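Residue-level structure breakdown
Chain residues, written in single-letter form:
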Amino acid sequence: MSSMLRTFPERLIGFSLRHARAVVAATFAATIVFGWFALKVKVNPDFISLLPKDSDVNALLAEYGTNAVQPDVLVFAVTADDGDVLDPAALRAYGEAVKAVAALPGVQSAVSPFNLVNFGWENDRLAIRPMSTGGVAPDARHLDEFRARLSGTRYARNLVVSASGRMLISYFQTESMGSFKGFMAEVDGITAAVRAAGLTPYVTGTVPLNVRTEFHLSRDAARLLGLAALIILLSYLASYRSLRAMVLPLVSVVFGTVWTVGFMSIAGYPLSLITIVAPPLILIFGNEYNIFTTSEYLRVARAEAAAAGWIARAARNVASPIAMAVLTTVIGFLSLLTTSIRQTREFAVIASVGSLACAFLALFFLPAMYALLGPPVVRSHRPGGAVERAMRGLAAFSARHPA
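From a predicted model like this one, the values you see are computed outputs, not experimental measurements.

When helices and strands are tallied, the protein chain shows 13 helices and six strands. Expressed as a percentage of its 403 residues, the buried residues of the protein chain come to 41%. Taking contacts inside the protein chain between residues at least 6 apart in sequence as the whole, the part at least 24 apart equals 75%.

In structure tokens:
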């Protein structure tokens, strides 16, 4: 195993040094392809699917629910600014809004204060009828009848009307959609009309929650990637104080991240509440391999840049450490495949692919770029930075007191 780990990385490095221009061109071409797929990666804001298959909730759904896909729910409630939500004008405005939401594409069913089933007696017979005649907002003739049915039906209280009678609530079941952003944009237009009529709208349920989750996932992914890239850049600048040693490792790990997100799109893995951490995490731990390569490149350049084949020796020196590092990292991530949550297993695969991509680029792309640029300008090394003095002091203390 050890011989194989040395042989393949060293052969990879040798090939990249002999064909540096072709390697760099192929890397950029592959990054463009993966980048095109990365732009198509989907966002999955669903939090219900995070429940493991053997959870108590899923067991109850399996026992008492149906085998059909559970629909998403939109809850749409209003209160009146003047306090009387049962005023004819308020009921008319809310009824129009309920009808507009129910007519939106994807809405499968609606339960409102107007169409909720009511049981009563008519001509000494049990009558089943909606709360309001016709299942729509009552007109002036049927207003008193609607109010009487609504107040006299116990199960309607805290279902379609609050206990205080100051809020009306409706429920809409919708089919599953890839994204509810367009749907919620339509709902926002309807609630704006309700607000203009003197009512205060409230919207909740899994539909708006999915939209907000999708928004935060997309926004936070960009923030996390940007912050991670900035920290890495500053770390390289403080550590190497060399433009190429600062820019090229960052370019390499960004390419590795793009390859990973492109793989997610190709494999059909969306950005979820769990996998959202994979791209910034890869951007961070992928630098481990670039630090190996860049540090050895600068060390050997300082010591023997005038000697022939110095860059090949520098690259070969890190082949085995990088191979062992990526092997142990991938094994660690793949251990998550034993979990019962699907998104965690997806994260294990994504993180493993990202680790392999960053290590491959550190062994393949970085040496080729350093070979094209030639030896760096070697400056005399003067120990004295605060971090370096602290580390040297810690090392000396450990050597004097090994126990």
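Below, the discussion takes up the sheet that holds strand E5 (residues 167–174). In space, the four strands of this open sheet follow the order E2-E5-E1-E6, with antiparallel pairing throughout. In this open sheet, the two edge strands, each paired with only one partner strand, are strand E2 (107–111) and strand E6 (199–204). Pairs of neighbouring strands in the sheet enclose a mean axial angle of 20 degrees, with direction left out of account. Judged from the eight bridges that link them, strand E1 (residues 72–80) and E5 form a sheet pairing that is antiparallel.

This paragraph deals with the nonpolar core. With 62 residues, the main nonpolar core has Tyr289 and Ile322 as its most contacted residues. Secondary structure elements with two or more residues in this core: helix H1 (2–18), helix H2 (20–38), helix H7 (206–240), helix H8 (243–267), helix H9 (278–285), helix H10 (287–304), helix H11 (310–334) and helix H12 (342–373). If one sorts the elements of this core by residue count, H12 sits on top with 15 residues. With residues up to four places along the chain from it excluded, the contact list for Ile322 reads Tyr289, Phe292, Thr293, Ala359, Ala362 and Leu363.

Here the focus is the packing of H7 against H9. The interhelical angle for the contact between H7 and H9, taken along N-to-C directions, is 10 degrees, at an axis separation of 9 Å. With respect to their mutual orientation, H7 and H9 come out roughly parallel. From H7, Leu224, Leu225, Ala228, Ala229 and Ile232 reach across to H9, where they touch Pro279, Pro280, Leu283 and Ile284. Of the residues in the contact of H7 with H9, the class split is nine nonpolar, no polar and no charged.

A cluster of nonpolar side chains, contributed by Val117, Phe119, Ile128, Tyr155 and Leu159, occupies part of the molecular surface with about 460 Å² of accessible area. Secondary-structure assignment places Phe119 in strand E3 (residues 117–122).

Before going further, it helps to examine the pattern of salt bridges. Across all of its chains, the model carries four salt bridges by this definition. Of the charged contacts, one joins Glu145 and Arg149 as a salt bridge, the two residues approaching to 3.0 Å between their closest N and O atoms. Here Arg149 and Glu145 lie together in helix H5 (residues 143–152), a separation of four residues that amounts to about one turn. For Glu145, a relative accessible area of 34% corresponds to the partly exposed category. Overall, the relative accessible area of 11% leaves Arg149 in the buried class. Notably, a salt bridge pairs Arg342 with Glu346, separated by 2.8 Å at the nearest N-O pair. You can see Arg342 and its partner Glu346 sitting in helix H12, four residues apart, about one turn around the helix.

So, how was this worked out
- Residues numbered from 1 in each chain as written.
- Predicted model: local features only at pLDDT ≥ 70, side-chain atom pairs only at ≥ 80, totals over all residues.
- Heavy atoms only, no water.
- Helix = DSSP H or I, 4+ residues; strand = E, 2+ residues; numbered from the N terminus.
- Buried < 20%, exposed > 50% of the residue type's maximum accessible area, 1.4 Å probe, protein only.
- Contact = heavy atoms within 4.5 Å.
- Pairing = 2+ DSSP bridges.
- Axes fitted to C-alpha atoms, helices over the stretch in contact; angles between N-to-C directions.
- Core = buried A, V, L, I, M, F, W, Y, C linked by side-chain atoms within 4.5 Å.
- Parallel < 35°, antiparallel > 145°, perpendicular 65-115°, else oblique.
- Nonpolar A, V, L, I, M, F, W, Y, C, P; charged D, E, K, R; others polar.
- Patch = residues over 30% accessible without salt bridge, like charges linked within 9 Å, V, L, I, M, F, W, Y side chains within 5 Å.
- Areas by Shrake-Rupley, 256 points an atom, 1.4 Å probe, with all protein chains shown as cover.
- Salt bridge = Lys/Arg side-chain N within 4 Å of Asp/Glu carboxyl O.

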